[in-house]
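What follows is the residue order along each chain.
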Amino acid sequence: MESVKGKNILVVGATGGIGSKTAKLLAGSGANIFLASRNAEKLDLVAKEIGISAEKTFAVDISIPEQITALKENYFSVFPNLDILVNAAGIGIIKPVESLSGDEFLRTLNYNLYGPFLLVKAFLPAMKEAKKGLIINIPGVLGKVPMAGAAAYSASKFGLVGMMQSIREEIKRTDIRITNIFMGGVDSPFWDTIDLRVQREKMIQAEEAAKAIWFLCQQPVSGVVSEMVLQPFNHQAI
Ligand SMILES: NC(=O)c1ccc[n+]([C@@H]2O[C@H](COP(=O)([O-])OP(=O)(O)OC[C@H]3O[C@@H](n4cnc5c(N)ncnc54)[C@H](OP(=O)(O)O)[C@@H]3O)[C@@H](O)[C@H]2O)c1
């Protein structure tokens, strides 16, 4: 394992179930963490809990190019480089296609696919210059296998996988690594607005999901963990 002590890490979606626990674990291991997500108040709370100063937080909607530019400027005004980008932002709209609106479909693509595209556009050049870096995304298992009701979500997550795999081909002569994590159900606020019969107590705990990301951040550069699959035993209600 390679220590994350002193590494500069940007956690996007830092107020979420997985993102906040990941930021806490990484900060506890000595990494320098910069936190980003939309809600400034929630960001403030997470930063205070972890002991991160306000200058290392930035409220951003990752689907808005101008806000991504501002995030980039703020990040590089605090840290000189980016060792690891953890993208733990995303939304889940799970409903049958007949009741799925066009707006919901596009919002899902905007947050789960266009946002990650803008993040990569903004932060990959610095990694290319440094000729190293690690980008972690969480497509989840619905980026690999279909599920009824996941037309918008799976479209965004299959797209995310395809996009990151293509980008991986573009950078394969560098030491920049890309990891896609295919997680099953993780008990987090993600599920609060989803109308599906699931047993949250049987899901992966957000802290366990965060430990998987923490583990990935410590993999030696000589190898690439292209994919990780982490599933709960069974959380679908019978
Ligand atoms: N929970 C699961 O079962 C599960 C399984 C597989 C994959 N995943 C994926 O894992 C990631 C994290 O999920 P989670 O369970 O931690 O969900 P969560 O608790 O709902 O957190 C989602 C995070 O994304 C941020 N976010 C959403 N839209 C954003 C936008 N447009 N710009 C910036 N930030 C945005 C939210 O912050 P604000 O509200 O402050 O904007 C929040 O910090 C998501 O990509 C999700 O699809 C989750």
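Below is a summary of the structure that appears in this document.

The rules behind these values
Residues numbered from 1 in each chain as written. Predicted model: local features only at pLDDT ≥ 70, side-chain atom pairs only at ≥ 80, totals over all residues. Heavy atoms only, no water. Helix = DSSP H or I, 4+ residues; strand = E, 2+ residues; numbered from the N terminus. Rg over C-alpha atoms; globule rule 2.2 N^0.38 Å. Buried < 20%, exposed > 50% of the residue type's maximum accessible area, 1.4 Å probe, protein only. Contact = heavy atoms within 4.5 Å. Areas by Shrake-Rupley, 256 points an atom, 1.4 Å probe, with all protein chains shown as cover. Lys, Arg positive; Asp, Glu negative; His and termini not counted. Charge placed at Lys NZ, Arg CZ, Asp CG, Glu CD. Phe/Tyr/Trp six-rings, centres within 6.5 Å; stacked < 30°, edge-to-face > 60°. Arc of directions from axis to C-beta. Polar contact = N/O pair within 3.5 Å; in protein donor to acceptor, adjacent residues only side chain to side chain. Expected span 1.5 Å × (residues − 1).

1. Points about the overall build of the chain
Assigned secondary structure in the chain consists of 6 helices and 9 strands. Relative to the globule expectation of 18 Å for 238 residues, the C-alpha radius of gyration of the chain, 17 Å, shows essentially globular dimensions. In terms of principal-axis extent, the alpha carbons of the chain reach across some 50 × 40 × 35 Å. Scored against the burial criterion, the 238 residues of the chain give a buried share of 49%. Considering only intrachain contacts with a sequence separation of at least 6, the fraction spanning at least 24 residues in the chain is 69%. Within the structure as shown, the chain displays about 11400 Å² of accessible surface, and the carbon and sulfur contribution to it stands at 54%. With 25 positive and 23 negative side-chain charges, the chain shows a separation of 5 Å between the mean positions of the two kinds.

2. So, the packing of aromatic side chains
This model, assessed by the stated rule, comprises 9 aromatic pairs. Seen in terms of ring centroids, Tyr-75 and Phe-123 are 5.8 Å apart; in terms of plane orientation they differ by 90°. Their pairing is edge-to-face. Taken together, the residues Tyr-75 in helix α3 (residues 65-78) and Phe-123 in helix α4 (residues 102-130) connect sequence positions 48 residues apart. Look at Phe-76 and Phe-123: their rings are 5.9 Å apart centre to centre, the planes differ by 35°, and that puts the pair in the tilted class. In this pair, Phe-76 sits in helix α3 while Phe-123 sits in helix α4, placing the two residues 47 residues apart along the sequence. With a relative accessible area of 26%, Phe-76 lands in the partly exposed category. Members of the aromatic cluster, connected to one another through ring pairs, are Phe-34, Tyr-75, Phe-76, Phe-79 and Phe-123.

3. Observations concerning the environment of Phe-117
Looking at where Phe-117 falls in the secondary structure, it is placed in helix α4. Considering only alpha carbons, one finds Phe-117 and Met-164, 47 residues apart in sequence, at a separation of 8.8 Å.

4. Focus: helix α2 (residues 40-50)
Residues of α2 that are buried: Leu-43, Val-46, Ala-47 and Ile-50. In an axial view of α2, the angular spread of the buried residues amounts to 100°, which keeps them on one side of the axis. Of the exposed residues in α2, the ones pointing more than 90 degrees away from its buried face are Glu-41, Leu-45, Lys-48 and Glu-49. Summarising the contacts, the buried residues of α2 are in contact with α1 (17-28), β2 (32-37) and β3 (57-59). For α2, the N-terminal capping position is held by Asn-39, with its side-chain oxygen 3.0 Å away from the main-chain nitrogen of Glu-41.

5. Looking at helix α6 (residues 206-217)
Quick reminder: α-helices carry 3.6 residues per turn. Residues three or four places apart thus point the same way. With 12 residues, α6 extends 17 Å from end C-alpha to end C-alpha; this agrees with the ideal 16 Å at 1.5 Å per step. Every buried residue of α6 is accounted for by Ala-206, Ala-209, Ala-210, Ala-212, Ile-213, Leu-216 and Cys-217. Down the axis of α6, the buried side of the element spans an arc of 150°, and every buried residue falls inside it.

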